[in-house]
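Chain residues, written in single-letter form:
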Amino acid sequence: MWLLSYILPIIRLYLVGVKVLLYQLFNKSFTLPVLPKQNGRVAIVTGGARGMGYETSRHLASLGMHVVIAGNCEEEGMTAVKKIQEEVSVGGVEFMYLDLASLKSIQQFVQRFKDKRLPLHVLVNNAGIMLVPERQTEDGFELHFGLNYLGHFLLTNLLLDPLKKSGRHGACSRVVVMSSATHYGGQLNMKDLQGRSCYCAHGAYSQSKLALVMFTYQLQDMLVAGGHPVTVNAVDPGMVDTALYENLCSPAQLAKKPVAKMLFRTPAEGASTAIYAAASSDLEGVGGCYLYNGRIVESSGISYDENLQAKLWKESCKLVGLPQA
Ligand SMILES: NC(=O)c1ccc[n+]([C@@H]2O[C@H](COP(=O)([O-])OP(=O)(O)OC[C@H]3O[C@@H](n4cnc5c(N)ncnc54)[C@H](OP(=O)(O)O)[C@@H]3O)[C@@H](O)[C@H]2O)c1
Ligand SMILES: *[C@@H]1O[C@H](CO)[C@@H](O)[C@H](O)[C@H]1NC(C)=O
């Protein structure tokens, strides 16, 4: 029993991986259409200093947006800012410190952002970690669940006010949530969200990405019910050659290299659907969708379970200390 609940998530994750690679073998990466200029608009991109986050930040800045790169490595962040500034003459870009593995750091980040009195039109919840050995956040949450999901849950909730104020009907503010195809193999164990009974990093990653999809749908419903001019979509970038894979064990690392060279997307290709969700006019007013390769597709069956979505929301509020309005 124990072995099974440990191994099944691993098998499921690799099966999903093979399916994605087959898709990428036969299908070209989505090409971004011409996007409208974004002058005067402001975006926050978490984990915007490298990988797909960097490509997203760069592209949004080139459209004229002011981009705040939110990350937990000052040096890397400043290097990214410099590189983007050299390349892009419009827009503006700055770095702000944010450690998503700390509720306090998230609160402090939001306070510092609000002190700037900037509007907020786009929030890209991009940062993430994958397959790290069992570890906990500052507040004692399992790291995948705590950082990938709960951190973004709190961040988004704390930024809802500026998002609502900056959007209007016809020009909604947008939240983009980076999920992953691994969510298809994910399960949400409401009794053991922290994976205490049997820790499996593969299961923990998939679960965090499933939770992000459910959060997307629940939040979209709430925003619609309140009549707020904000939309939320989840994005699946495909398999992309970034530093995300650095925690694979060494045999998997070896196998990954040639496969990545042939079949993985580049960070710029991988970021294209997130950029599309953040800025395209096709998606004006469209929310509550799961986007893959520039198209709306179905997410996993369980992700549409409204009962489970509500339960997860309630539990998440409790864990991060938000009132359950
Ligand atoms: N690559 C893929 O094949 C793939 C597939 C599906 C989904 N995704 C998702 O796409 C997103 C971007 O990943 P990527 O592939 O571009 O990987 P990446 O290059 O490793 O980038 C991850 C980013 O997350 C940031 N981050 C990590 N821990 C953080 C923390 N505690 N606080 C704030 N930021 C933190 C990192 O910033 P620092 O460097 O400052 O730590 C980094 O900028 C992730 O959510 C990932 O799960 C990726
Ligand atoms: C290629 O894309 C099409 C359209 O999205 C899809 O129906 C098809 O299954 C994909 N091919 C593979 C091998 O996944």
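To be clear, the structure that these remarks concern was listed above.
What comes next is a walk through the structure. As the structure is a computational prediction, the values presented were derived from the model and not from experiment.

Procedures and definitions
Residues numbered from 1 in each chain as written. Chains lettered and ligands numbered in written order. Predicted model: local features only at pLDDT ≥ 70, side-chain atom pairs only at ≥ 80, totals over all residues. Heavy atoms only, no water. Axes fitted to C-alpha atoms, helices over the stretch in contact; angles between N-to-C directions. Helix = DSSP H or I, 4+ residues; strand = E, 2+ residues; numbered from the N terminus. Parallel < 35°, antiparallel > 145°, perpendicular 65-115°, else oblique. Left-handed = near helix turned anticlockwise from the far one by under 90°. Contact = heavy atoms within 4.5 Å. Nonpolar A, V, L, I, M, F, W, Y, C, P; charged D, E, K, R; others polar. Buried < 20%, exposed > 50% of the residue type's maximum accessible area, 1.4 Å probe, protein only. Near = heavy atom within 4 Å. Polar contact = N/O pair within 3.5 Å; in protein donor to acceptor, adjacent residues only side chain to side chain. Right-handed = clockwise from strand over helix to strand, strands pointing away. Areas by Shrake-Rupley, 256 points an atom, 1.4 Å probe, with all protein chains shown as cover. 1 Å grid on protein atoms, 1.4 Å probe; cavity = no way out; pocket = protein on both sides within 12 Å on 5 of 7 lines; lining within 4 Å. Points joined across faces, edges and corners; volume = space filled by probe spheres on them. Core = buried A, V, L, I, M, F, W, Y, C linked by side-chain atoms within 4.5 Å.

### Topic: the packing of helix 5 (residues 143-158) against helix 7 (residues 201-226)
Interhelical geometry of helix 5 versus helix 7 gives an angle of 20° and a closest axis separation of 7 Å. The angle between helix 5 and helix 7 falls in the class roughly parallel. Helix-helix and strand crossings are classified by hand; for helix 5 and helix 7 the assignment is right-handed. Taken together, the residues of helix 7 that come into contact with helix 5 (itself represented by H144, F145, N148, Y149, H152, F153, T156 and N157) are A201, A204, Y205, Q207, S208, K209, A211, L212, F215 and L219. Grouping the amino acids of the contact of helix 5 with helix 7 by side-chain chemistry returns 10 nonpolar, 7 polar and 1 charged.

### Some points on the environment of L159
Mapped onto the secondary structure, L159 falls in the loop between helix 5 and helix 6 (160-166). When its relative accessible area of 0% is taken as the criterion, L159 is described as buried. Residues in contact with L159, not counting those within four places in the same chain, are I44, V110, F113, L120 and L123.

### Examining the site of ligand 1
Residues in contact with ligand 1 amount to 29 residues; listed here are only the nearest, N72, E76, N126, T242 and Y245. Between ligand 1 and the protein, one listed contact pairs a nitrogen atom with a backbone N or O atom of L100 at 2.9 Å. A breakdown of the residues in the shell around ligand 1 according to their chemical character gives 16 nonpolar, 9 polar and 4 charged.

### Some thoughts on unusual backbone geometry
Excluding glycine, residues mostly have negative phi values, and the peptide bonds linking residues are mostly trans. Phi at R117 takes a positive value of approximately 55°, unusual for a residue other than glycine. Tracing the backbone through its elements, the reader meets R117 in the loop between helix 4 (103-115) and strand 4 (122-125).

### Description of the pairing of strand 5 (residues 173-178)
Walk down a regular strand and you will see the side chains alternate between the two sheet faces. Taking burial as the measure, the 6 residues of strand 5 include 6 buried ones, the bulk of the element. Side chains S173, V175 and V177 of strand 5 all project onto a buried face; the interleaved residues R174, V176 and M178 project onto the opposite face, where all are buried too. Read from strand 5 through helix 7 to strand 6 (residues 230-236), the crossover connection turns out right-handed.

### Digging into the site of ligand 2
What surrounds ligand 2 is the set L22, Y23, F26, N27 and R295. In the model, an oxygen atom of ligand 2 is placed 2.6 Å from a nitrogen or oxygen of the N27 side chain. Here an oxygen atom of ligand 2 and a side-chain polar atom of R295 are 3.0 Å apart. When ligand 2 is considered free in solution it has 360 Å² of accessible area, and contact with the protein chains removes 47% of it. When residues in the shell around ligand 2 are grouped by element, the largest group, 3 residues, is from helix 1 (residues 2-26).

### Digging into the pairing of strand 1 (residues 42-46)
Of all 5 residues in strand 1, 5 are buried, a share of seventy percent or more. Side-chain alternation along strand 1 places V42, I44 and T46 on one buried face and A43 and V45 on a second face that is also buried. Between the parallel elements strand 1 and strand 2 (residues 66-71), the chain passes through helix 2 (residues 51-62) in a crossover that is right-handed.

### Regarding the layout of surface pockets
Taken as a whole, the second largest pocket spans an internal volume of roughly 450 Å³. Lining the second largest pocket we find 22 residues, and of these S5, P9, Q187, N189 and C198 sit closest to its centre. Residue assignment for the lining of the second largest pocket shows that the elements contributing at least two residues are helix 1 and helix 7.

### Concerning the side chain of N293
Relative to the assigned elements, N293 resides in the loop between strand 7 (290-292) and strand 8 (295-297). We classify N293 as buried; its relative accessible area is 14%. Within polar-contact distance, the side chain of N293 engages the side chain of Y23 at 3.1 Å. Among the polar contacts listed, one links the side chain of N293 to the backbone oxygen of K28, at a separation of 3.3 Å. In this view, N293 contacts Y23, K28, S29, F30, D236, R265 and T273; residues no more than four positions away in its chain are not counted.

### Things to note about the nonpolar core
Core analysis: the biggest nonpolar cluster contains 49 residues, and I44, F109, Y149 and L155 have the highest contact counts within it. In terms of residue count, the dominant contributor to this core is helix 5 (8 residues). If we skip the residues at most four places from it in the chain, L155 touches T46, L98, L100, I106, F109, V110, L123 and N125. Ranked by size, the runner-up nonpolar core spans 35 residues in total, among them L35, A49, F95 and V176.

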